[in-house]
Amino acid sequence: MIGLALRSLKFHKGGFVASFIALFFGAALVIACGGLLETGVRELAAPQRLRAAPIVLTGDQGYPGSNKVFRERVRLDASAVSKAEAVAGVQAAVPDISIPAVVVPAGGRGGATATGHGWDSARLGPYRLVEGSAPSVAGQVALDSRLAARAGAKTGDRVTLGLHGTMSAYRVTGLVSGPGAAGTLFLANTDVARLAPQHDKVDSIGILTRPGADESRVRAALADAFAGAPVSVLTGDERGRAEFPDVVIHGKNLVSMSAVFGGLAAMVTVFVVASTLGLSLQQRQRQMALLRAIGSTPGQVRRMVLAETFTVAVFATALACVPGPHLGHWLLSRFADADVVPGVLIYRSGWIPMVAGAGTALLTALGAAWIAARAAARTRPTEALAEASLERRRLNWIRVVVAVLCLAGGTTLSLVTMNVDGATAGSTATPAAMLWAAGFGLLGPTLTRLMTAVLRWPLRAVTGFSGQLALLNAKARAARLAGAVMPVMLATGMATALIYLQTTQNQGAQQAFEDNLRATLVLTDASGGVPTSLVDDIGKEPGVAAASAYVPSSGFLEPSKAALAAYNGKGRKPKGSPVQITGVSPAGIERTTAIRVASGSLADLGTDTVALPESAAGGHRIGERIPMRMGDGTEVDPRLVATVGDQRGYGAALMPASVVAAHTTDGLVPQILVTAASGTDAKQLSARLTGSAAPLPGLRAVDRSALVTASAEQNDTQTWVAYLLVAMVVGYSVIALVNSLVMATGERRREFTLQRLVGATRGQVMRMMTVEALLTALAGLGLGMLVAVATLVPLSRAVLARALPAGPPSILVVVVVATLVLTVGTTLLTARVALRTRPSAAIGSRE
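An account of the accompanying structure is given in this report. Treat the numbers as computed from the prediction; the structure is a model and nothing was measured.

1. Describing the overall build of the chain
At step 1: Helix and strand content of the chain: 27 helices and 24 strands.
At step 2: Considering the chain as a whole, with its 847 residues, one finds that 51% of them fall into the buried category.
At step 3: Considering only contacts within the chain whose residues lie at least 6 apart along the sequence, 83% involve residues at least 24 apart.
At step 4: Carbon together with sulfur atoms contributes 59% to the accessible area of the chain, which is approximately 36200 Å² in total.

2. What about the nonpolar core?
At step 1: Leu264, Phe335 and Met494 are the most contacted members of the largest nonpolar core, which totals 88 residues.
At step 2: Looking at which element gives the most residues to this core, the answer is helix α8 (residues 246-282), with 13 residues.
At step 3: Discounting residues that sit within four places of it in the chain, Leu264 has contacts with Met434, Met494, Leu498 and Val729.
At step 4: One finds Ala84, Ala101, Val103 and Ala112 within the second-largest nonpolar core, a separate group that totals 40 residues.

3. Looking at the pattern of salt bridges
At step 1: The tally for this structure, following the rule as stated, stands at 17 salt bridges.
At step 2: Salt-bridge contacts for Arg217 lead to Asp214; the nearest nitrogen and oxygen are separated by 4.0 Å.
At step 3: The shortest N-O distance in the salt bridge between Asp608 and Arg625 comes to 2.4 Å. Within this pair, whereas Asp608 is found in the loop between β17 (597-600) and β18 (609-613), its partner Arg625 is found in the loop between β18 and β19 (628-629), the two being separated by 17 residues in sequence.
At step 4: Arg625 sits in the partly exposed class, given a relative accessible area of 39%.

4. Comments concerning helix α11 (residues 323-337)
At step 1: The end-to-end C-alpha distance of α11 is 21 Å, a good match for the 21 Å that 15 residues give at a rise of 1.5 Å each.
At step 2: Considered for burial, the residues of α11 that qualify are Gly324, Pro325, Gly328, Leu331, Leu332, Phe335 and Ala336. Looking down the long axis of α11, one finds its buried residues gathered within 140° of arc, a one-sided arrangement. Relative to its buried face, α11 has exposed residues pointing more than 90 degrees away, namely His326 and Asp337.

5. Structural notes on a nonpolar patch on the surface
At step 1: A contiguous nonpolar surface patch, about 520 Å² in accessible area, is contributed by Trp397, Ile398, Val401, Val402 and Leu405.
At step 2: Residue placement: Trp397 occurs in helix α14 (residues 397-418).
At step 3: By relative accessible area, which is 65% here, Trp397 ends up exposed.

6. Overview of the environment of Asn739
At step 1: Relative to the assigned elements, Asn739 resides in helix α23 (residues 704-746).
At step 2: Placed 87 residues apart in sequence, Asn739 and Thr826 show a C-alpha to C-alpha distance of 9.2 Å.
At step 3: Discounting chain neighbours no more than four positions away, the residues touching Asn739 are Ala18, Ile21 and Ala22.

7. Some details on the packing of α14 against helix α25 (residues 762-800)
Two measures define how a pair of helices packs: the angle their axes make with one another and the distance between the axes.
At step 1: Closest axis-to-axis distance for the α14/α25 pair is 7 Å, and the angle between their directions is 20°. On the basis of their axis angle, the class for α14 and α25 is roughly parallel. Our pair here, α14 against α25, has a crossing hand that is right-handed. Residue-level contacts link Ser414, Thr417 and Met418 of α14 to Ala790, Pro794, Leu795, Arg797 and Ala798 of α25.
At step 2: The residue makeup of the contact of α14 with α25, split by class, is five nonpolar, two polar and one charged.

Cut-offs and rules
In every chain, residue numbers begin from 1 and rise along the written sequence. Where totals are concerned, whole chains, interfaces and linings use all residues; where local detail is concerned, this predicted model gives features only for residues with pLDDT of at least 70, and gives and counts side-chain atom pairs only at 80 or more. Side-chain measures here rest on the full set of heavy atoms in the structure, leaving out hydrogens and waters. Numbering goes from the N terminus for both helices and strands, where a helix is a DSSP run of H or I of at least four residues and a strand is a run of E of at least two. Only protein chains enter the area calculation, which uses a 1.4 Å probe; residues under 20% of their type maximum are buried, those over 50% are exposed, and those in between are partly exposed. Whether two residues are in contact is decided by their heavy atoms, any of which lying within 4.5 Å being enough. Accessible surface is estimated by sampling points in the Shrake-Rupley manner with a 1.4 Å probe; for residues, cover comes only from the protein chains shown. For this analysis, a nonpolar core means a set of buried residues of the types Ala, Val, Leu, Ile, Met, Phe, Trp, Tyr and Cys, connected via side-chain atoms within 4.5 Å. We count a salt bridge whenever a side-chain nitrogen from Lys or Arg sits within 4 Å of a carboxyl oxygen from Asp or Glu. One less than the residue count of a helix, multiplied by 1.5 Å, gives the span that helix is expected to have. This arc is built from the directions going out from the helix axis to the C-beta atoms. Surface patches are drawn from residues lacking salt bridges whose relative accessible area is over 30%; two like charges belong together within 9 Å, two nonpolar side chains (Val, Leu, Ile, Met, Phe, Trp, Tyr) within 5 Å. Axis definition: a line fitted to C-alpha atoms, limited for helices to the stretch in contact. Angles are taken between N-to-C directions and run from 0 to 180 degrees. Comment on the angle field: the value is read as roughly parallel under 35 degrees, roughly antiparallel over 145, roughly perpendicular from 65 to 115, and oblique elsewhere. Crossing handedness is defined as follows: a turn of the near helix away from the far one that is anticlockwise and smaller than a right angle gives a left-handed crossing, while the clockwise case is right-handed. Classification convention: Asp, Glu, Lys, Arg as charged; Ala, Val, Leu, Ile, Met, Phe, Trp, Tyr, Cys, Pro as nonpolar; all other residues, Gly among them, as polar.

Geometric descriptors of this kind do not, in isolation, establish any biological role.
This is the structure:
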């Protein structure tokens with residue numbers, strides 16, 4: 001039977017080519033997503049400024065006992081430097097501190113963004129002086145030669161540096177050359193200690209080992225010395241995490257994103273391959289029946305089908321291992337271009353993604369082949385040929401049970417989606433769409449018959465005799481029709497659901513932003529932030545009705561003492577829940593935003609207090625202590641003084657700006673919200689706050705409309721990434737749709753020939769096929785829209801508090817038109833090719 005299987009491949013090229021295409025594209029997609037997943041898990045970036053240090057110590061960005069991460073840089077205590085130096089094999093432990101900066105040359109025109117560091121850390125590059133001398137006292141700076149050229153500065157010049165919310169004059173003592181980005185400058189160590197975002201803290205520590213020391217042993221000794229502390233000991237490309245902490249933060253985002261779309265691609269692969277193979281084997285029912293009639297055993301028939309499928313699958317998946325990693329690398333580059341992930345993130349795609357992608361395709365193919373061959377193999381020889389001429393209409397019980405489980409899972413996730421925060425609703429809506437599509441696909445023949453019954457009378461009324469014949473064909477060959485309808489359902493349902501899911505979430509976030517912002521102006525600074533003390537000065541300026549600092553961050557609400565006491569070492573230990581944290585000015589926040597106080601008072605918001613969104617404050621009372629972790633992992637225990645409305649899950653915990661800023665990466669206030677007094681012109685106020693008499697040189701003002709536009713553009717950029725992945729999965733579904741239609745139509749050459757022999761013209765056959773194509777498209781569209789509705793209505797209720805999703809109607813129009821064009825066009829083109837065969841040749845051709 002194995003030899004027969006291999007020899008039979010050349011006689012059924014159409015079906016096997018279709019299966020090959022489905023397996024190849026499916027495996028390539030899964031391998032690409034697997035490579036992105038591995039890249040996010042490894043979190044590697046080639047070190048630049050720290051590459052001379054074989055070992056680097058930095059704060060552990062991971063939340064304890066979880067795969068979540070802190071969004072702000074976790075710093076090390078300065079005492080860790082001396083502790084590291086005491087470890088055997090360590091020659092020097094060099095601390096590194098990064099300070100956001102802007103270089104303004106003499107004359108005050110232009111400027112270049114940069115990052116400041118202490119001169120001692122220059123040897124970690126290593127950097128070398130190419131001109132002048134090193135900065136040794138306060139007020140001196142050495143510039144990277146590329147930065148100096150960009151800023152128009154040279155040795156001996158006086159430049160203005162914006163550092164940690166201050167603008168001061170510095171003298172350029174030298175120019176340096178070294179690795180890394182062009183925006184690097186070095187200050188005297190005394191200036192760095194004074195300007196550090198957090199005093200008595202360092203960003204990382206570069207370890208220089210003694211000559212001849214075994215680096216692996218030194219690393220192990222350092223790990224032992226800092227055991228139990230939130231310290232990461234890094235070597236190789238891991239060192240890039242210390243230099244670029246965004247690699248860790250956004251690497252986790254890449255993990256979740258690639259896992260979701262990788263799972264979606266795998267599900268589509270299973271669906272498409274099973275459908276393609278099933279349709280291919282249906283076309284060979286007479287061959288299977290003949291084999292059984294001449295004495296082949298059920299086992300022999302199954303082995304033949306499995307051998308054929310395995311041969312095709314091995315070649316398809318092996319070939320997919322070539323473009324798969326390249327596709328993943330291309331996707332990562334597009335993400336970096338959109339600033340979704342750092343451009344320094346190193347792409348890694350090892351054997352695990354390839355095994356996962358190839359394994360998924362192989363198991364899918366073999367499973368689908370086994371299921372499809374099972375019916376033919378179990379048929380008794382005396383009934384085989386009779387059954388081949390008629391399609392079975394019963395669904396086997398295994399398929400029904402799995403379908404019911406999928407639909408039950410989809411219903412459950414839809415109910416969960418409807419009751420979660422709008423910001424997180426998409427995480428349950430996407431798998432819900434997958435389950436709905438899978439459930440409908442498993443019930444394909446039954447649902448297709450229902451859709452045919454619904455569409456029978458309208459189509460018969462407008463298509464006449466051709467339509468009647470097409471409907472009779474559909475009734476007699478429900479399984480064949482289902483094989484064509486299900487890819488249409490999958491493509492239209494997933495496309496509509498996933499695209500409108502993104503537009504709805506985008507609209508929800510943007511609407512929450514616009515509804516919350518009441519400020520006339522937003523002030524920022526060229527150096528990246530301003531000190532918290534400036535807010536009071538802004539509030540006293542003429543024409544200013546209110547001013548508030550705005551410091552966005554995030555953290556975790558820790559389990560309460562009662563929850564920990566109930567745990568007491570038994571069961572699953574409670575974990576912290578993520579929460580957005582915003583630093584504000586209590587005196588001005590209610591007049592610059594639409595924050596609504598539900599209980600308590602924001603006037604009580606002080607140094608050791610917090611106001612929580614209503615959704616996060618459940619079970620807590622005013623005056624109660626709330627255990628939290630700030631964005632840099634610091635544990636705090638503020639007192640609850642108020643609760644605020646959370647705008648369908650887009651709200652944040654409010655704390656004083658000085659408290660939040662002290663636990664952020666830059667340690668500054670990035671924005672000041674300003675509401676103009678009644679009768680004050682916004683343009684005049686903007687000019688006064690940013691002109692020569694400004695409270696702080698370098699201030700810039702943006703009006704509300706510009707800020708709303710910038711927020712919308714940022715949301716569109718992030719949504720574009722999701723669109724890219726959705727386009728790939730939907731594109732694969734479209735390929736499967738065309739594949740299935742070509743197979744389903746191409747195998748009907750004998751049927752068309754018989755119609756021609758009894759007097760039907762080519763035009764009549766084409767009109768019949770047009771009606772069948774419309775029936776296929778409309779049935780698939782109807783089922784696809786059910787998938788979309790079941791997914792989007794709960795999501796819209798959670799995000800927008802309404803049943804209708806957000807997004808232009810043109811998306812739906814494009815989906816419908818594209819489906820009709822693809823389905824009808826592919827069917828008619830294939831039928832036209834089939835009709836070119838002479839009746840005498842077609843009727844004598846082999847099955």
